[in-house]
There are 2 protein chains.
Amino acid sequence: MSKPAPSVRELIREHYSALTQSERKFANSLLENYPAAGLASITIVAANAEVSTPTVARMVQKLGFKGYPQFHQALLKELEAQVSGPTQRRENWASEAPEGHLLNRFAQAVTDNLGQTFSNLDYEQFDMAVRQLANTEGRLYVVGGRITRALADYAFTHFQAIRQRVTHMTSSSATWPHYVLDMEAGDTLLMFDVRRYETNLQRLAELAAERGVKIILITDQWASPITSVAQHTFNCWVEIPSAWDSNISTMMLLEAMIAATQEEGWDETRERYERLDELFDMTRLFRKFS
Amino acid sequence: MSKPAPSVRELIREHYSALTQSERKFANSLLENYPAAGLASITIVAANAEVSTPTVARMVQKLGFKGYPQFHQALLKELEAQVSGPTQRRENWASEAPEGHLLNRFAQAVTDNLGQTFSNLDYEQFDMAVRQLANTEGRLYVVGGRITRALADYAFTHFQAIRQRVTHMTSSSATWPHYVLDMEAGDTLLMFDVRRYETNLQRLAELAAERGVKIILITDQWASPITSVAQHTFNCWVEIPSAWDSNISTMMLLEAMIAATQEEGWDETRERYERLDELFDMTRLFRKFS
DNA sequence: CAGCGCGTGAAAACATTTTTCCAAACCGCA
DNA sequence: TGCGGTTTGGAAAAATGTTTTCACGCGCTG
């Protein structure tokens, strides 16, 4: 063969859009546990993925194999090539990219950041902050800086779905005084401030604190000065080999908070969530999967 | 099992003295090309070693297997263990939180997602997409859906910093036709579409594709239908134990793209970047660390 | 050199796997 | 709600793989 045969993984990617729902179910099962989930007989493999044998048979044909045995052989070849291959895959999330490829350097940095962030996370603080976020007696204000505005937006979109009384303070600091005017003791202010800490944000934090607002601050490993007026501060590791900072760990923390908040107030908010879900269902074109 | 199962290699050595001539012939053939020479069907394996099928069948029974299929399975297991062994060792980001704490469950899910996303990433596609993103001859349009709007915003903020001619198509789809009007062949459209794929986005993609715009699609593991008109599609794993989907891996991919784009066109954009940096410096209050 | 026993593989019998076919379920759509 | 196309899995048919049987050949032994 002149071309290097594409891996089964690649074949799945390539044909994924042409696969039916059950076929995807199998594809996912295979990708999740690759390639082990494809090494047994078609009967067993199908049973593991909870689809029927014909489904698997049809799918491997879609991938371009003449039949299941061919597919099976292809997987074996890959496995074997990997074992006898030049270097044992590196322990991390090496993509197939070459050693020094940006993707791999990047993956390394992200791993480190997430690891650091997690191990420096005080889960009791986390739980308290979550309780605060789930408390719907006060309003919840969300605000971010130049870069973190997107995160604040993301937070807003989700919190809005799971609780009432949420406000996104737009990035134009000119409008902030209006919001502050309405803040009351018992309200919560979720702030994002990573380096180039912004003066405006600090002023806002001070004003809010004076009014008795509880501040939850998500910042970087060097900690924004807002820390001093915040109830709860969370530090996220953000360094990557680049001129700017990564917000993946920030995002991770945020999502964890959203998930926890939702779990916290699930009984009360479930109905709300389902109603919203239905509203979207009414306009959607494509079905959500199982 | 209490004892670690002995490898087939060991079994052969152990029983070697009890093997007949033809059986040894097969044993040697297997050891010479281990374990590949034992992975096919008994018929083929026997033919390769130039012995008869019964010989192989008898021998594997001598080794202690009930039949050829069991022997075959054992070889597979070994192979698989070899491959997944060192790789599988996942970093444990466990915070100090208790075992079943949401933080730990969440960390687990995120690890899996990032791992999956990375290993399914086609780095050649990635490089091509990056080259497209770095190409400033055409405009770069960025757009997202209901949830991914925040990501599109994040992308916009960064791309705007590193290159010229970037447009963020606001989330209100009513304004999209105006943008499409101005699109030209050679332009690039960076789209985010994760499930509950949105009809509007698909229409937009189709219109843009018709005008010769290159589409880079960032979607989830189930692939938005936009795939069919996109130049480059990237799948991000998004499942977490929650009613909604995680966008951490999406964010990771996005950041990797931004980093790569910046690296790609660094010489041309460095000056631009520094100038912007200075502008921010002029208004900031707190010093950037290190 | 006849007789015995073991090793071997052809071929038959058997078991399993794979494929094909088809009817039922499902889905989007009018 | 009913229609038309697609998807799905049960079951039978076909193919393939595995095991067993058995007869032949070889070499050793008395």
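Residues numbered from 1 in each chain as written. Chains lettered and ligands numbered in written order. Predicted model: local features only at pLDDT ≥ 70, side-chain atom pairs only at ≥ 80, totals over all residues. Heavy atoms only, no water.

**Quick look at the overall build of chain A**
Counting its secondary structure elements, chain A contains twelve helices and five strands. Across the 290 residues of chain A, 52% fall into the buried class. The long-range share in chain A, meaning contacts at least 24 apart out of those at least 6 apart in sequence, stands at 65%. Just so you have it, chain A exposes about 13200 Å², and 49% of that area is on carbon and sulfur atoms. (Helix = DSSP H or I, 4+ residues; strand = E, 2+ residues; numbered from the N terminus. Buried < 20%, exposed > 50% of the residue type's maximum accessible area, 1.4 Å probe, protein only. Contact = heavy atoms within 4.5 Å. Areas by Shrake-Rupley, 256 points an atom, 1.4 Å probe, with all protein chains shown as cover.)

**Re the packing of aromatic side chains**
This model, assessed by the stated rule, comprises six aromatic pairs over all chains. With centroids separated by 5.6 Å and ring planes inclined at 80 degrees, the aromatic side chains of Phe65 of chain B and Phe71 of chain B adopt a geometry described as edge-to-face. You'll find Phe65 of chain B and Phe71 of chain B in the same group, each marked buried. Where Tyr68 of chain B meets Phe71 of chain B, the ring centres are 5.6 Å apart and the plane angle is 45 degrees; that geometry is what we call tilted. Residue Tyr68 of chain B and its partner Phe71 of chain B are both found in helix α5 (residues 68-88); the two are separated by three residues, about one turn of the helix. A network of ring pairs unites the aromatic residues Phe65, Tyr68 and Phe71 of chain A as a single cluster. Directly above the aromatic system of Tyr34 of chain A lies the positively charged group of Arg9 of chain A, at a separation of 4.3 Å from the ring centroid. (Phe/Tyr/Trp six-rings, centres within 6.5 Å; stacked < 30°, edge-to-face > 60°. Lys NZ or Arg CZ within 6 Å of the ring centre and 35° of its normal.)

**With respect to the protein's contact with DNA strand D**
In the neighbourhood of DNA strand D, 16 residues make up the surrounding shell, with Thr20, Ser22, Ser52 and Thr55 of chain A together with Ile42 of chain B lying closest. At the protein interface, 68% of the atoms of DNA strand D within 4 Å belong to sugar or phosphate. Separating a phosphate oxygen of DNA strand D from a backbone N or O atom of Ile42 of chain B is a distance of 2.5 Å. The backbone of Tyr68 of chain B places a nitrogen or oxygen atom 3.1 Å from a phosphate oxygen of DNA strand D. (Near = heavy atom within 4 Å. Polar contact = N/O pair within 3.5 Å; in protein donor to acceptor, adjacent residues only side chain to side chain.)

**Brief notes about helix α4 (residues 53-62) of chain B**
Residues and elements named next belong to chain B. All of the buried residues in α4 are Thr55, Val56, Met59 and Val60. For α4, the arc enclosing every buried residue in end-on projection is 125 degrees, short of the 170-degree limit, so these residues lie on one face. Among the residues trailing α4, Gly64 stands out with phi positive, at a value near 110 degrees. (Arc of directions from axis to C-beta.)

**Brief notes about the sheet that holds strand β2 (residues 166-168) of chain B**
Residues and elements named next belong to chain B. Read from one edge to the other, the open sheet built from five strands follows the order β2-β1-β3-β4-β5, with strand pairing classed as parallel. Two strands in the sheet have a free side with no partner beyond their single neighbour: β2 and β5 (232-236). For this sheet the average axis-to-axis angle between neighbouring strands, irrespective of direction, equals 15 degrees. Pairing geometry for strand β1 (residues 140-143) and β2, over three bridges, is parallel. Looking across to β2, one finds that Leu140 is bridged to Val166. The sheet strands contacting helix α11 (residues 248-264) are β3 (188-193), β4 (214-220) and β5, and the helix crosses β5 at an angle near 135 degrees. (Pairing = 2+ DSSP bridges. Axes fitted to C-alpha atoms, helices over the stretch in contact; angles between N-to-C directions.)

**Re the confidence of the model for chain A**
All names here are of chain A. In this model, chain A carries a mean pLDDT of 84, and residues with pLDDT of at least 70 account for 86%. Note on residues 85-92: pLDDT is under 50 here. Beyond four places in sequence and across chains, it has 18 contacts. Counting contacts from residues 284-290, a segment whose pLDDT is below 50, to residues more than four positions away or on other chains yields twelve contacts. (pLDDT = per-residue confidence, 0-100.)

**A few points about the protein's contact with DNA strand C**
Not every one of the 16 residues close to DNA strand C is listed here, only the nearest: Ile42 and Gly67 of chain A together with Thr20, Ser22 and Thr55 of chain B. Each atom of DNA strand C within 4 Å of the protein was classed as base or backbone; sugar and phosphate made up 73%. Here a phosphate oxygen of DNA strand C and a side-chain polar atom of Ser22 of chain B are 2.5 Å apart. At a separation of 3.3 Å, a base nitrogen of DNA strand C approaches a polar side-chain atom of Arg58 of chain B.

**Observations concerning the nonpolar core**
The nonpolar side chains of soluble globular proteins are, as a tendency, buried together. The biggest cluster of nonpolar side chains holds 147 residues, and the ones touching the most others in it are Phe71 and Phe126 of chain A together with Phe126 of chain B. In contact with Phe126 of chain B, other than residues within four places in its own chain, are His101, Leu102 and Leu103 of chain A together with Phe234, Leu253, Ala256, Met257 and Ala260 of chain B. (Core = buried A, V, L, I, M, F, W, Y, C linked by side-chain atoms within 4.5 Å.)

**Some details on the packing of helix α7 (residues 123-134) of chain B against α11 of chain B**
All names here are of chain B. Axis separation between α7 and α11 bottoms out at 9 Å; the angle between their running directions is 60 degrees. Classified by the angle their axes make, α7 and α11 are oblique. Relative to α11, the crossing made by α7 is right-handed. Between α7 and α11, the residues in contact are Phe126, Ala129, Val130, Arg131, Leu133 and Ala134 and Leu253, Ala256, Met257, Ala260, Thr261 and Glu264, respectively. Of the residues belonging to the contact of α7 with α11, the class tally is nine nonpolar, one polar and two charged. (Parallel < 35°, antiparallel > 145°, perpendicular 65-115°, else oblique. Left-handed = near helix turned anticlockwise from the far one by under 90°. Nonpolar A, V, L, I, M, F, W, Y, C, P; charged D, E, K, R; others polar.)

**Focus: the environment of Ala57 of chain B**
Residue and element names in this part refer to chain B. Topologically, Ala57 is positioned in helix α4. A relative accessible area of 27% means that Ala57 is categorised as partly exposed. Considered as a pair, Ala57 and Phe71 are 14 residues apart in the sequence and their alpha carbons are 9.7 Å apart.

**Regarding the sheet that holds strand β3 (residues 188-193) of chain A**
Residues and elements named next belong to chain A. A sheet is described by the order of its strands in space; here five strands give the open sequence β2-β1-β3-β4-β5, paired in parallel fashion. Edge positions in the open sheet fall to β2 (166-168) and β5 (232-236), since each of these has one partner strand only. Between one strand and the next, the sheet's axes are offset by a mean angle of 15 degrees, whatever the strand orientation. Across six bridges, β3 lies against strand β4 (residues 214-220) in parallel orientation.

**Overview of the packing of helix α6 (residues 102-119) of chain B against α11 of chain B**
Between two packed helices, what matters for the description is the angle formed by their axes and the separation of those axes. Residue and element names in this part refer to chain B. Where α6 contacts α11, the axes come no closer than 9 Å and their chain directions differ by 45 degrees. Taken together, the axes of α6 and α11 are oblique relative to one another. When the axes of α6 and α11 are compared, the crossing they make is right-handed. The residues of α11 that touch α6, namely those facing Phe106, Val110, Asn113, Leu114, Thr117 and Phe118, are Ile248, Ser249 and Met252. A class-by-class count of the residues in the contact of α6 with α11 yields six nonpolar, three polar and no charged.

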